[in-house]
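Below are the chains, spelled out letter by letter.
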Amino acid sequence: MWCRADPASLLSLLLLLSLCVAKGLKVTDFMVPRYADVGSTVVLKCDFTLGQGKLNSVKWYKDEAEFFRFIPDTQPGQPEILLFPQSGISLDQYRSGKNSVALKDLTYNSSGIYKCEVSTDSPDFKTDTMNGSLTVYAYPTRSPSVTGLNSLYLPGDIVLANCSAGPSHPPAQITWFVNGIKAYGSQLLPYPLQEEGEQLYSKVLGLRVELSESDFETRDATVALRCVVQVGELDATNIDNTVRRRRQTLRSSSVESSSQRFSNNDSSMTIASQSFAVWCLIISTFSPMWLLRLRHSHLHHQQNVHDRSL
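Predicted, not measured: the structure shown is a model, and the values here were computed from it.

1. Remarks on the sheet that holds strand E1 (residues 26-31)
In space, the three strands of this open sheet follow the order E1-E3-E7, with antiparallel pairing throughout. At either margin of the open sheet sits one strand with a lone partner, and together these are E1 and strand E7 (100-103). The sheet shows a mean angle of 15° between the axes of neighbouring strands, taken without regard to direction. Bridge count between strand E3 (residues 42-49) and E7: four bridges; the pairing is antiparallel. The residue of E7 that forms the bridge with Leu44 is Val101.

See below:
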């Protein structure tokens with residue numbers, strides 16, 4: 001036989017249960033940084049409430065292997081701390097205690113899943129846990145840069161540029177965008193990784209793109225070029241450049257002036273050539289006649305001289 005419960009009674013029961021849960025053991029504030037730089041120090045935090053219980057221990061695990069245990073008051077005023085060696089764990093004991101542990105000199109092996117486990121003593125013997133992931137990178141030692149760009153281009157010109165990322169671990173991922181569209185395939189010029197230290201690599205990615213008339217069809221007739229550099233899951237760095245369309249008026253005037261000069265020179269050369277040809281024609285025409293007359297005059301003079309001598 002079913003009994004109909006009074007709504008007010010149900011509400012009171014739920015409130016009572018929530019108060020009981022609130023007074024029990026609970027991890028209230030947990031913090032593990034998602035990323036850290038190799039060689040640095042991080043602090044892992046674990047705050048909790050015990051309710052009516054008594055603290056038995058606080059344990060820290062990396063990838064389910066315990067490396068730290070805090071036991072309160074094994075002797076009056078002297079809690080006990082136990083350490084368990086593990087790869088990638090170098091503990092700063094002076095900064096580690098009931099609510100936090102400090103990891104120093106981080107290595108790539110320090111990456112993993114970290115868990116805090118809090119337990120109460122008799123008669124409850126309750127346990128609450130919380131975990132978080134830490135990934136250790138080698139942050140880039142210098143800012144990324146773009147080289148090789150000119151400021152002015154025309155449709156049909158080829159843009160050649162390099163985007164360089166400083167040494168990091170893992171190597172940076174580089175992406176090019178032209179007017180917001182991701183460059184791909186033959187537009188990209190990859191270079192080999194350059195090792196610059198133990199597990200540190202710098203990276204360069206080139207861009208080669210032929211600009212078209214449509215690339216300049218923006219409000220200010222410019223082309224937006226963006227290089228995006230990202231190491232692992234760290235925040236990406238954007239390098240933005242804008243190139244403008246080169247005006248053709250000055251170039252056209254220069255070409256026209258050059259053409260005019262060549263035209264004038266050609267005209268002068270043509271006139272000179274024609275004059276030379278005319279003189280050559282005159283000389284070639286009249287030179288034999290002139291020579292003949294000169295010879296005839298010479299022979300006549302010799303005849304007169306001969307007659308006088310007789």
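2. Considering the sheet that holds strand E19 (residues 237-245)
Strand order in the open sheet formed by five strands is E11-E19-E18-E13-E14, with mixed pairing between adjacent strands. Every other strand in the sheet has two partners, leaving strand E11 (152-153) and strand E14 (181-182) as the edge strands with one partner each. When strand E13 (residues 173-178) meets E14, the two strands line up antiparallel, connected through two bridges. When the bridges of E14 are listed, Val178 appears paired with Ile181.

3. With respect to unusual backbone geometry
Residue Pro123 follows Ser122 across a cis peptide bond; omega there is 5°. Turning to its location among the elements, Pro123 is positioned in the loop between strand E8 (112-120) and strand E9 (127-137). The amide bond that connects His169 to the next residue, Pro170, takes the cis arrangement and shows omega of -5°. Looking at where Pro170 falls in the secondary structure, it is placed in the loop between strand E12 (158-168) and E13. A positive phi angle is found at Asp105, which is not glycine, with a value near 50°.

4. Here we look at the state of the cysteines
On inspection of all chains with the given rule, the structure shows two disulfides. Disulfide partners in the protein chain, listed by the sequence order of the bonded cysteines, are 1-2, 3-4.

5. Focus: the environment of Val136
Mapping Val136 onto the fold places it in strand E9. For Val136, a relative accessible area of 4% gives the class buried. Taking the C-alpha atoms as reference points, Val136 and Ser110, 26 residues apart in sequence, are found 6.7 Å from one another. In this view, Val136 contacts Ala36, Asp37, Val38, Leu106, Thr107, Tyr108, Ser110 and Ser111; residues no more than four positions away in its chain are not counted.

6. What about the nonpolar core?
In this structure, Leu44, Val58, Trp60, Phe67, Leu103, Tyr114 and Val118 are the most contacted members of the largest nonpolar core, which totals 25 residues. Those elements that place two or more of their residues in this core are E1, E3, strand E4 (55-62), strand E5 (65-75), E7, E8 and E9. Sorting elements by how many residues they give to this core places E3 first, with four residues. Ignoring any residue separated from it by four or fewer positions in sequence, one finds Leu44 in contact with Met31, Val32, Pro33, Trp60, Asn99, Ser100, Val101, Leu103 and Tyr114. Within the second largest apolar cluster, 24 residues are counted, among which are Tyr153, Cys163, Cys227 and Val231.

7. Regarding the packing of aromatic side chains
This model, assessed by the stated rule, comprises three aromatic pairs. An angle of 20° between the planes, with centres 5.9 Å apart, marks the rings of Phe30 and Trp60 as stacked. A residue pair is termed long-range when its members are at least 10 positions apart, and Phe30 in strand E1 and Trp60 in strand E4 qualify at 30 residues. Across from the ring centre of Tyr61, 4.8 Å away, lies the NZ or CZ of Lys115, which sits over that ring. Here the basic side chain of Arg245 rests over the ring of Phe216, its NZ or CZ set 5.7 Å away from the ring centre.

8. Here's the deal with the side chain of Asp92
Among the structural elements, Asp92 can be located in the loop between strand E6 (78-83) and E7. Of the side chains bearing the opposite charge, Arg95 lies closest to the buried Asp92, which forms no salt bridge; the N-O distance is 4.2 Å. For Asp92, the contacting residues outside a window of four places in its chain are Ala102 and Lys104.

9. Some thoughts on the pattern of salt bridges
Oppositely charged side chains are able to pair whenever their charged atoms sit close together. According to the stated counting rule, one finds ten salt bridges in the structure shown. Here Lys45 and Asp47 are joined by a salt bridge, their closest N and O atoms 3.6 Å apart. Relative accessible area serves as the criterion here: at 32%, Lys45 is assigned to the partly exposed category. Lys115 is paired through a salt bridge with Glu64; the nearest N and O atoms lie 3.3 Å apart. Taken together, the residues Lys115 in strand E8 and Glu64 in the loop between E4 and E5 connect sequence positions 51 residues apart. We classify Glu64 as exposed; its relative accessible area is 61%. Each of Asp29, Lys45 and Asp47 takes part in salt bridges that share partners, so that together they form one network.

Cut-off values and rules
Residues numbered from 1 in each chain as written. Predicted model: local features only at pLDDT ≥ 70, side-chain atom pairs only at ≥ 80, totals over all residues. Heavy atoms only, no water. Pairing = 2+ DSSP bridges. Helix = DSSP H or I, 4+ residues; strand = E, 2+ residues; numbered from the N terminus. Axes fitted to C-alpha atoms, helices over the stretch in contact; angles between N-to-C directions. Disulfide = S-S within 2.5 Å. Buried < 20%, exposed > 50% of the residue type's maximum accessible area, 1.4 Å probe, protein only. Contact = heavy atoms within 4.5 Å. Core = buried A, V, L, I, M, F, W, Y, C linked by side-chain atoms within 4.5 Å. Phe/Tyr/Trp six-rings, centres within 6.5 Å; stacked < 30°, edge-to-face > 60°. Lys NZ or Arg CZ within 6 Å of the ring centre and 35° of its normal. Lys, Arg positive; Asp, Glu negative; His and termini not counted. Salt bridge = Lys/Arg side-chain N within 4 Å of Asp/Glu carboxyl O.

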